[in-house]
Amino acid sequence: MKQFSYIRAEDVAGAVAALSADPQARLLAGGTNLVDLMKYDVMSPATVIDINRLPLKDIETLEDGSLRIGALVSNAALAYDPTVIDRFPLLASALLAGASPQLRNAATTGGNLLQRTRCYYFYDPSSPCNKREPGSGCGAIGGVNRIHAILGTSASCIATHPSDMCVALAALDAVVEVEGPDGRRDIPFLDFHRLPGDEPQYDNTLAPDEMVVAIRLHPDHFAANHSYLKIRDRLSYAFALVSVAAAIDMKDGAIVDIRVALGGVAHKPWRNPLAEAECAGKPADEATFRQLAQRLLAGAQGQGGNDFKIPMAERTIIRALTQAASGTPQVQSEKAIR
Amino acid sequence: MLHADAERMAIPIVITLNGRQERLNVAPWVTLLDLLRGPMELPGTKKGCDHGQCGACTVLIDGQRVNSCLKLAVTLDGAEITTIEGLGQPGNLHALQQAFVDHDAYQCGYCTPGQICSAAGLMNEGHAHSREEIRELMSGNLCRCGAYTNIADAIEQVMGQRSGKSYKEAAE
């Protein structure tokens, strides 16, 4: 790890001021991703701003019924929060599908949003990577790309976003509250992460002098029919090859509202709200789910090593929606797919 | 790293380590793991992967299990840290340490301090209510000798004792 100077921020304004003074500085929360990347010299900030003292650790229900989750709430605290379990079980389940208990104790909500890709070439400073070093090329295209993206890729980058939590937040249409020198603004979740295009160095639409302060969830109607189904190389503590956050609002077996977000397949959690809207009024059955899966995967393209993800994603979407419709969500401690 | 730089940039912190207050000056880039094994002379906590993937470095920070390899010590001002040395000592073993001995829950022993600290954290958390859940919630600790079955047995035994009945009964 390269040496750096350390600033301990005491409040949000202080952290934003320190970041504005040096937009190359990095904010340190749980450290589970940043410290790791610093050990590999993938990220080598000259200044690290410790935000662990900031008062962003509350989960509160707002007057309109929304849930506001502070950026420093740990992944474990969020996953086991009684309100989250009761009203947003899809989010709780996705959190428990990710990482290990130790990592969930340290990792934060804001940090989970901002975690970098797990692409092997990004992690290896001796390989070309347009995300790590713009213009250097992409080792994964034509290389070893079993874990890489099948949707929304570019000629510059085929990396995926590794989060489970974010897949659930995408399905739930969360809002990201950010603060910069000019005050606060809201970013709709689907606009927060971005596709790589020809600037894969940018994972998201956060300005360099802004920080995430909270996530808000709308008053819900998906507590009954949901499932988070994650397919990976081992049954715990591994990143997703494909994951699906599925949520359905049903009446008499017909779809009122349906949400499907995919993880492990793109540079951001993948959704198709138009295709979802077209399901309204249709029966919540396999035929509808298959049609929706095919719409979601339209344009999917394998890179050689990850071709298997396309049929796997279709099957996982149908399975997750079937679990959701029947009210039998995947339980993350169960070592079999329901 | 140059020693002079480390001294010049060191930042004062106060931590409670295994019940004892320590006033320290730490360079910002020193991890808790390196602080423990180096200056604190507590080599019970093991460095496995050093990247948060194996769990060998697991310690308790304010009662919660955490990978000490990914925690910068400078961020821990005011924290209470418990390592394997603080859980129990020869002649006065923690129930989990004794259970690991009873169940032969290791071969080489390298992952054991992390396994035991993790199991202590698991019990503090209170979210495991079945063997299946113990296994899932211990998945952050790898054992390359493959002693997993015996590790789960040891933890099950202690959890059963804590609830005053056999764990299998408690689960039913």
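Residues numbered from 1 in each chain as written. Chains lettered and ligands numbered in written order. Predicted model: local features only at pLDDT ≥ 70, side-chain atom pairs only at ≥ 80, totals over all residues. Heavy atoms only, no water.

By the naming in an unreviewed UniProt entry, chain B goes by (2Fe-2S)-binding protein and is assigned to Ferranicluibacter rubi.

In the annotation of an unreviewed UniProt entry, chain A is listed under the name Xanthine dehydrogenase family protein subunit M and assigned to Ferranicluibacter rubi.

**Quick word on the interface of chain B and chain A**
Across the boundary between the two partners, chain B contributes 39 residues, which contact 34 residues of chain A. Taken over both partners, the interface formed by chain B and chain A buries close to 3,000 Å², and the fraction arising from carbon and sulfur atoms is 52%. Contact with chain A buries area across many residues of chain B, yet H51, L70 and E136 of chain B alone supply 21% of it, more than any other trio. For the pair chain B and chain A, the number of links is three salt bridges. Across the salt bridge formed by D50 of chain B and K39 of chain A, the nearest N and O atoms sit 2.7 Å from each other. Here chain B is connected to chain A by 17 residue pairs in polar contact (both at pLDDT 80 or more). The residue makeup of the side of chain B that touches chain A, split by class, is 16 nonpolar, 14 polar and nine charged. (Contact = heavy atoms within 4.5 Å. Buried area = accessible area lost by both parts, 1.4 Å probe. Salt bridge = Lys/Arg side-chain N within 4 Å of Asp/Glu carboxyl O. Polar contact = N/O pair within 3.5 Å; in protein donor to acceptor, adjacent residues only side chain to side chain. Nonpolar A, V, L, I, M, F, W, Y, C, P; charged D, E, K, R; others polar.)

**Details of the environment of E133 of chain A**
Residues and elements named next belong to chain A. Structurally, E133 can be placed in the loop between helix 8 (120–123) and helix 9 (165–171). The partly exposed category is assigned to E133, whose relative accessible area is 47%. Along the backbone, E133 and L96 are 37 residues apart, and their C-alpha atoms lie at a distance of 33 Å. (Helix = DSSP H or I, 4+ residues; strand = E, 2+ residues; numbered from the N terminus. Buried < 20%, exposed > 50% of the residue type's maximum accessible area, 1.4 Å probe, protein only.)

**Considerations on the pattern of salt bridges**
Residue and element names in this part refer to chain A. Tallying each qualifying case throughout the model produces 30 salt bridges over all chains. Of the charged contacts in the structure, one is a salt bridge between R185 and E210, with a shortest N-O distance of 2.7 Å. With R185 in strand 7 (residues 183–188) and E210 in the loop between helix 10 (189–192) and strand 8 (211–217), the pair connects residues that are 25 residues apart, well separated along the chain. Take E210: its relative accessible area is 9%, and that puts it in the buried class. A salt bridge links D257 to R259, with the shortest nitrogen-to-oxygen separation between them at 3.5 Å. Under the relative-accessibility criterion, R259 is labelled buried at 11%. Linked through salt bridges whose partners overlap, the residues forming this network are E60, R68, E177, E179, R184, D186 and R216.

**So, the domain arrangement of chain A**
By domain assignment, chain A separates into domain 1 (5–53) and domain 2 (226–325). Each of domain 1 of chain A and domain 2 of chain A has a C-alpha centre, and these two points are 36 Å apart. (Domains from an automatic or database assignment.)

**Re the state of the cysteines**
The final tally for this structure, using the stated rule, is zero disulfides over all chains. Residue C157 of chain A stays outside any disulfide, its sulfur separated by 6.1 Å from that of C138 of chain A, the closest cysteine. C57 of chain B provides the cysteine sulfur closest to C69 of chain B, a residue in no disulfide bond, and the two sulfurs are 3.8 Å apart. (Disulfide = S-S within 2.5 Å.)

**Details of the packing of aromatic side chains**
Scanning all chains against the criterion turns up four aromatic pairs over all chains. Ring centres of F4 of chain A and W29 of chain B lie 6.1 Å apart, and the angle between their planes is 75°; on these two criteria the pair is classed as edge-to-face. Remark: W29 of chain B occurs in the loop between strand 2 (20–26) and helix 2 (32–37) and F4 of chain A occurs in the segment before strand 1 (5–8); the pair is interchain, linking two chains. Under the relative-accessibility criterion, F4 of chain A is labelled buried at 2%. Within the aromatic cluster, the residues linked to one another by ring pairs are Y40, F122 and Y123 of chain A. (Phe/Tyr/Trp six-rings, centres within 6.5 Å; stacked < 30°, edge-to-face > 60°.)

**Quick look at the UniProt feature "domain: FAD-binding PCMH-type" (unreviewed entry) in chain A**
The sites that UniProt annotates as "domain: FAD-binding PCMH-type" (unreviewed entry) are residues 1–222 of chain A. End C-alpha to end C-alpha, residues 1–222 of chain A measures 44 Å, and it is 28% helix and 17% strand. (UniProt positions renumbered as here; feature names shortened; annotations may be inferred.)

**Focus on the packing of helix 4 (residues 95–102) of chain B against helix 7 (residues 148–162) of chain B**
Residues and elements named next belong to chain B. Taken N-terminus to C-terminus, the directions of helix 4 and helix 7 make an angle of 135°; their axes are 8 Å apart at the nearest point. In terms of their interaxial angle, helix 4 and helix 7 are classed as oblique. Crossing of helix 4 against helix 7: the hand is right-handed. Every residue of helix 7 that contacts helix 4 at A95, L96, A99, F100 and D102 is listed here: I151, A154, I155, Q157, V158 and R162. (Axes fitted to C-alpha atoms, helices over the stretch in contact; angles between N-to-C directions. Parallel < 35°, antiparallel > 145°, perpendicular 65-115°, else oblique. Left-handed = near helix turned anticlockwise from the far one by under 90°.)

**Details of the domain arrangement of chain B**
All names here are of chain B. Domain boundaries assigned for chain B yield domain 1 (3–87) and domain 2 (95–171). Summarising the inter-unit geometry, the C-alpha centres of domain 1 and domain 2 are found 24 Å apart. Domain 1 puts 16 residues into the contact, and the matching count from domain 2 is 17 residues. Across the domain 1/domain 2 interface, buried area totals approximately 1,300 Å², and carbon plus sulfur atoms make up 55% of it. Of all residues in domain 1, R65, I84 and L87 bury the most surface against domain 2, accounting for 43% of the area lost on that side.

**Some words on the pairing of strand 10 (residues 242–251) of chain A**
Residue and element names in this part refer to chain A. The buried count for strand 10 comes to seven of ten residues, which makes it a mostly enclosed element. The pairing of strand 9 (residues 226–231) with strand 10 spans six bridges and is classified as antiparallel. Bridge pairing in strand 10 links H226 to A247. The pairing of strand 10 with strand 11 (residues 254–263) spans nine bridges and is antiparallel. Considered in strand 11, the bridge of D249 is made with D257. Hairpin geometry of strand 10 and strand 11 is characterised by an intervening segment of two residues between the two adjacent antiparallel strands and by a positive phi of about 50° at D252. (Pairing = 2+ DSSP bridges.)

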